[in-house]
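Chain by chain, the residues:
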Amino acid sequence: MKLDPKIPPGKLQEKWDYYKDHCPLVSPANKKKHHILIVGTGLAGASAASTLAELGYNIKSFCIQDSPRRAHSIAAQGGINAAKNYPNDGDTVWRLFYDTIKGGDYRSREANVYRLAQVSNNIIDQCVAQGVPFAREYGGLLANRSFGGAQVSRTFYAKGQTGQQLLLGAYSAMSRQIAQGKIQMYPRREMLDLVIIDGKARGIIVRNLVTGEMERYVGDAVLLCTGGYSNVYYLSTNAKNSNVTAAWRCHKKGALFANPCFTQIHPTCIPVSGDYQSKLTLMSEGLRNDGRVWVPKNPEDKRHPNQIPEPERDYYLETRYPSFGNLVPRDVASRNAKQVTDEGRGVGKTGLSVYLDFRDAIKKQGKDAISEKYGNLFQMYERITAENPYEVPMRIYPAVHYIMGGLWVDYNLMSNIPGLHVLGEANFSDHGANRLGASALMQGLADGYFVIPYTLGSYIATTNLPPVDTSHPEFEQAENTVKDKIKKLLAIDGNKTVLEFHRELGRLLWDYVGMSRSKNGLKYVSGKLAEVKEEYWNNVKVPGNNSDFNKNLEFAGRVADFIELGQLMAQDALSREESCGAHFREEYQTAEGEAQRNDEDYSYVAAWEYQGENKESILHKEDLEFENVALTQRSYK
């Protein structure tokens with residue numbers, strides 16, 4: 001299979017303009033004739049739905065929550081990047097592009113990333129017009145703060161609630177279109193299969209999570225905006241409902257899955273405190289602007305942190321990376337935290353945490369200034385840990401956060417299945433092997449507000465889409481496939497709960513496909529995951545039935561998909577014999593312990609094709625061409 005990214009011709013800076021100048025258009029009258037199915041109502045889904053409805057398309061929008069505004073985008077804290085250069089510190093669209101390419105360790109497409117940087121400024125204007133309450137300087141201008149992987153301040157924020165405020169802006173635009181009848185909203189629905197007719201994505205099968213009924217929906221295109229799959233690790237910063245099922249079912253229908261092993265570990269999370277936990281809590285990367293990361297120099301030093309004098313503290317990020325200090329990218333900060341704790345210098349009862357200390361910032365700026373920037377984050381930390389971060393350092397440790405992998409898409413955000421477009425974190429396209437902080441919100445809104453209106457229109461204008469309805473045999477077959485899987489799960493009546501299997505899966509992946517990976521470990525975990533899958537389908541206990549609200553059944557289907565995804569993640573990590581970004585193979589590192597890429601053999605997107613139950617997936621490669629940036633060993637020193 002040849003993967004065509006469909007990148008427009010011309011200079012990098014002109015490709016998106018060329019595309020917009022030459023792409024086929026759909027007239028306003030004809031837009032009203034087309035029906036689009038959008039799965040997910042986070043920033044990508046909500047912005048796409050509101051924008052396409054505003055243009056005249058008829059939208060059906062689906063989410064698993066009881067309200068669109070409960071999508072996981074609401075949990076994002078730190079901010080959203082854009083190259084406005086309000087601080088006048090030297091930022092440009094090119095620098096945002098370069099930082100993103102470099103931060104992703106040169107494993108993403110130049111054209112997609114440059115387009116993201118180009119439209120970033122439009123996002124800020126759009127959101128300000130919607131009333132998003134970004135923080136402002138004393139004179140009224142929008143404020144910026146720094147994030148990891150950049151030497152400029154380009155992150156716009158609303159205290160520690162940026163995702164919530166951006167989602168409310170998109171949701172308000174969406175609500176307007178719902179009121180006008182251009183968007184039909186279907187909450188409490190979970191997409192369980194994709195319907196392909198004549199080789200094109202034309203519909204979906206969803207389960208009504210309240211009644212258990214199967215429902216069929218038909219459209220001219222499907223937009224998948226379902227977020228990432230960090231919950232494959234069980235413990236992550238994602239909401240418990242976040243899952244891979246919609247994307248995985250599309251993968252099993254033929255959509256290629258790209259770079260599944262590229263998992264971002266966020267360095268600034270509240271550490272694990274016990275086996276009872278079901279998720280982890282993120283502390284915004286924005287805290288690293290003023291917080292200093294350190295551990296005791298002496299592994300035996302177990303004193304209260306406030307009693308450890310300055311000369312006996314190791315501010316290891318500032319020492320090792322003087323140019324970036326505490327604002328190195330997430331993969332670098334995470335690996336260094338693991339290294340110092342492996343040396344026995346971790347803090348807290350478990351020894352699996354490091355300090356994030358605001359003592360110096362409070363002395364310099366005052367408690368009120370720090371509270372104005374981070375007040376709600378400090379409150380959240382204190383409620384969870386019963387420790388006051390104004391008085392003692394926070395304790396943080398890396399945790400699974402964001403997924404760079406996802407369904408393969410071309411420049412049009414369309415998968416290899418015509419008509420199936422994938423937006424936001426559900427696709428692989430922009431972040432390479434490591435996402436820079438504050439770029440997730442940027443990508444979701446860029447895809448929804450400013451990219452998909454053009455690329456979807458191009459698809460609609462150039463594709464023959466004869467009328468079909470839900471009585472088509474492909475709908476019948478897809479629905480029966482879903483029903484058979486549910487019946488099989490309910491009939492097992494085993495001895496282990498879904499939760500027990502999920503915990504076991506998560507532990508295996510964290511230990512062997514987590515912050516570091518090795519050839520032997522990946523081979524071992526591949527065998528273990530095959531055993532877990534075999535046991536799952538013979539010994540899982542799913543109480544209840546399919547005719548009403550059943551959370552156990554919901555999670556049973558999702559964990560079944562997670563197990564298969566975990567197998568592919570291990571396969572992908574084993575096949576990529578290099579270290580790049582968040583993919584750290586222990587066999588491939590520099591003398592200083594940094595990730596060592598192999599550009600000659602692995603400068604490609606790994607796109608995996610599903611071959612059937614218990615069959616090994618086939619690897620397809622999209623070679624990455626770098627015509628505008630030099631492939632250099634990343635350095636933040």
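These figures come from a predicted structure and were not determined experimentally.

The rules we used
- Residues numbered from 1 in each chain as written.
- Predicted model: local features only at pLDDT ≥ 70, side-chain atom pairs only at ≥ 80, totals over all residues.
- Heavy atoms only, no water.
- Helix = DSSP H or I, 4+ residues; strand = E, 2+ residues; numbered from the N terminus.
- Rg over C-alpha atoms; globule rule 2.2 N^0.38 Å.
- Buried < 20%, exposed > 50% of the residue type's maximum accessible area, 1.4 Å probe, protein only.
- Contact = heavy atoms within 4.5 Å.
- Areas by Shrake-Rupley, 256 points an atom, 1.4 Å probe, with all protein chains shown as cover.
- Lys, Arg positive; Asp, Glu negative; His and termini not counted.
- Charge placed at Lys NZ, Arg CZ, Asp CG, Glu CD.
- Axes fitted to C-alpha atoms, helices over the stretch in contact; angles between N-to-C directions.
- Parallel < 35°, antiparallel > 145°, perpendicular 65-115°, else oblique.
- Nonpolar A, V, L, I, M, F, W, Y, C, P; charged D, E, K, R; others polar.
- Pairing = 2+ DSSP bridges.
- Right-handed = clockwise from strand over helix to strand, strands pointing away.
- Polar contact = N/O pair within 3.5 Å; in protein donor to acceptor, adjacent residues only side chain to side chain.
- Left-handed = near helix turned anticlockwise from the far one by under 90°.
- Disulfide = S-S within 2.5 Å.
- Core = buried A, V, L, I, M, F, W, Y, C linked by side-chain atoms within 4.5 Å.
- Expected span 1.5 Å × (residues − 1).
- Bend = angle between axes of the 7 residues up to and from the residue.
- Salt bridge = Lys/Arg side-chain N within 4 Å of Asp/Glu carboxyl O.

Observations regarding the overall build of the protein
Argument step 1. Each helix and strand counted, the protein has 17 helices and 21 strands in total.
Argument step 2. For the protein, whose C-alpha radius of gyration is 24 Å, the value lies close to the compact-globule estimate of 26 Å for 637 residues.
Argument step 3. Principal axes of the C-alpha set define a box for the protein whose edges measure 75 × 60 × 50 Å.
Argument step 4. By the burial criterion, 61% of the 637 residues in the protein qualify as buried.
Argument step 5. Across the protein, the fraction of contacts at a sequence separation of at least 24, relative to all contacts at a separation of at least 6, is 74%.
Argument step 6. Entry remark: accessible area of the protein is about 24,000 Å², with carbon and sulfur atoms responsible for 48%.
Argument step 7. Taken together, the 76 basic and 75 acidic charged side chains of the protein have centroids lying 3 Å from each other.

Quick word on the packing of helix α13 (residues 473-492) against helix α16 (residues 551-575)
Argument step 1. The geometry of α13 relative to α16 is characterised by a closest axis approach of 11 Å and an angle of 105° between their N-to-C directions. It follows from the interaxial angle that α13 and α16 lie roughly perpendicular. The residues of α16 that touch α13, namely those facing K485, I486, L489 and L490, are L553, A556, G557, A560 and D561.
Argument step 2. Here the contact of α13 with α16 is composed, by residue class, of 6 nonpolar, 1 polar and 2 charged.

Some remarks on the pairing of strand β1 (residues 35-39)
Argument step 1. With respect to burial, β1 is a largely interior element, 4 of its 5 residues being buried.
Argument step 2. Note that β1 and strand β2 (residues 58-62) share 5 bridges and pair parallel. Note on β2: the bridge partner recorded for H35 is N58.
Argument step 3. Handedness of the crossover joining β1 and β2 through helix α3 (residues 43-55) is recorded here as right-handed.
Argument step 4. Two strands pair when backbone bridges link them, and β1 and strand β9 (residues 221-224) are joined in this way by 4 bridges, in the parallel orientation. Its bridge partner being in β9, I36 is matched across the sheet by A221.

Considering the environment of N628
Argument step 1. Relative to the helices and strands, N628 is located in the segment after β21 (618-623).
Argument step 2. Residue classification places N628 among the partly exposed residues on the basis of a relative accessible area of 31%.
Argument step 3. Remark: the alpha-carbon pair of N628 and V422, spanning 206 residues in sequence, is separated by 26 Å.
Argument step 4. Among the polar contacts made by the side chain of N628, one reaches the side chain of E110 at a distance of 2.8 Å.

Remarks on the packing of helix α1 (residues 15-22) against helix α12 (residues 440-462)
Argument step 1. Closest axis-to-axis distance for the α1/α12 pair is 10 Å, and the angle between their directions is 45°. Taken together, the axis directions place α1 and α12 in an arrangement best described as oblique. Crossing of α1 over α12 shows left-handed handedness. Residues W16, Y19 and K20 of α1 touch α12, and the partners they reach there are F450, V451, Y454, T455 and S458.
Argument step 2. Across the contact of α1 with α12, the residue classes break down as 5 nonpolar, 2 polar and 1 charged.

Here we look at the state of the cysteines
Argument step 1. This structure, assessed with the given rule, holds 0 disulfides.
Argument step 2. There is no disulfide at C127, and the cysteine sulfur nearest it, in C225, is 16 Å away.
Argument step 3. Since its relative accessible area comes to 1%, C127 is described here as buried.
Argument step 4. The structure places no disulfide on C225, whose sulfur is separated from the nearest cysteine sulfur, that of C250, by 11 Å.
Argument step 5. Relative accessible area serves as the criterion here: at 7%, C225 is assigned to the buried category.

Digging into the nonpolar core
Argument step 1. Residues I80, L194, I204, L223, L224, L420 and Y536 are the most contacted members of the largest nonpolar core, which totals 154 residues.
Argument step 2. Not counting chain neighbours up to four residues away, the residues in contact with L223 comprise I36, L37, I38, V39, A48, L52, H421, L423, I452 and L456.

Here we look at helix α5 (residues 110-130)
Argument step 1. Look at α5: 31 Å from first C-alpha to last across 21 residues, which is about the 30 Å you get at 1.5 Å a residue.
Argument step 2. If you look at α5, its biggest bend is around 35°, right at V119.
Argument step 3. Phi turns positive one or two residues past the end of α5, at G131, with a value near 95°.

A few points about the sheet that holds strand β20 (residues 604-609)
Argument step 1. Reading across the sheet, the 4 strands line up as β16-β10-β20-β21 and stay open at both edges, with antiparallel pairing between neighbours. A single partner strand is all that each edge strand has here, and the edge strands are β16 (406-407) and β21.
Argument step 2. Here 2 bridges tie strand β10 (residues 257-258) to β16, and the two strands are oriented antiparallel to one another. Within β16, the position partnered with A258 by the bridge is G406.
Argument step 3. Along the sheet, α16 contacts β10 and β20; its crossing angle with β20, the most-contacted strand, is approximately 140°.

Things to note about the pattern of salt bridges
Argument step 1. Going through the model one piece at a time under the given rule, you end up with 53 salt bridges.
Argument step 2. The partner of D511 in a salt bridge is R507, and the shortest N-O contact between them spans 2.9 Å. Here D511 pairs with R507, and both are found in helix α14 (residues 498-512), just 4 residues apart, close to one helical turn.
Argument step 3. Note that K551 and E554 form a salt bridge whose closest N and O atoms lie 3.1 Å from each other. Within this pair, K551 and its partner E554 are both found in helix α16, separated by 3 residues, close to a single helical turn.
Argument step 4. By relative accessible area, K551 is classed as partly exposed at 27%.
Argument step 5. For E554, a relative accessible area of 3% gives the class buried.

So, the sheet that holds strand β8 (residues 214-218)
Argument step 1. Strand order in this open sheet of 3 strands is β6-β7-β8, and the pairing throughout is antiparallel. Strands at the two margins of the open sheet, each flanked by one partner only, are β6 (189-197) and β8. Within this sheet the neighbouring strands show an average axis-to-axis angle of 25°, counted without direction.
Argument step 2. Pairing of strand β7 (residues 200-208) with β8 involves 5 bridges; the strand directions are antiparallel. Each residue of the ladder has a partner; that of I204, found in β8, is Y217.

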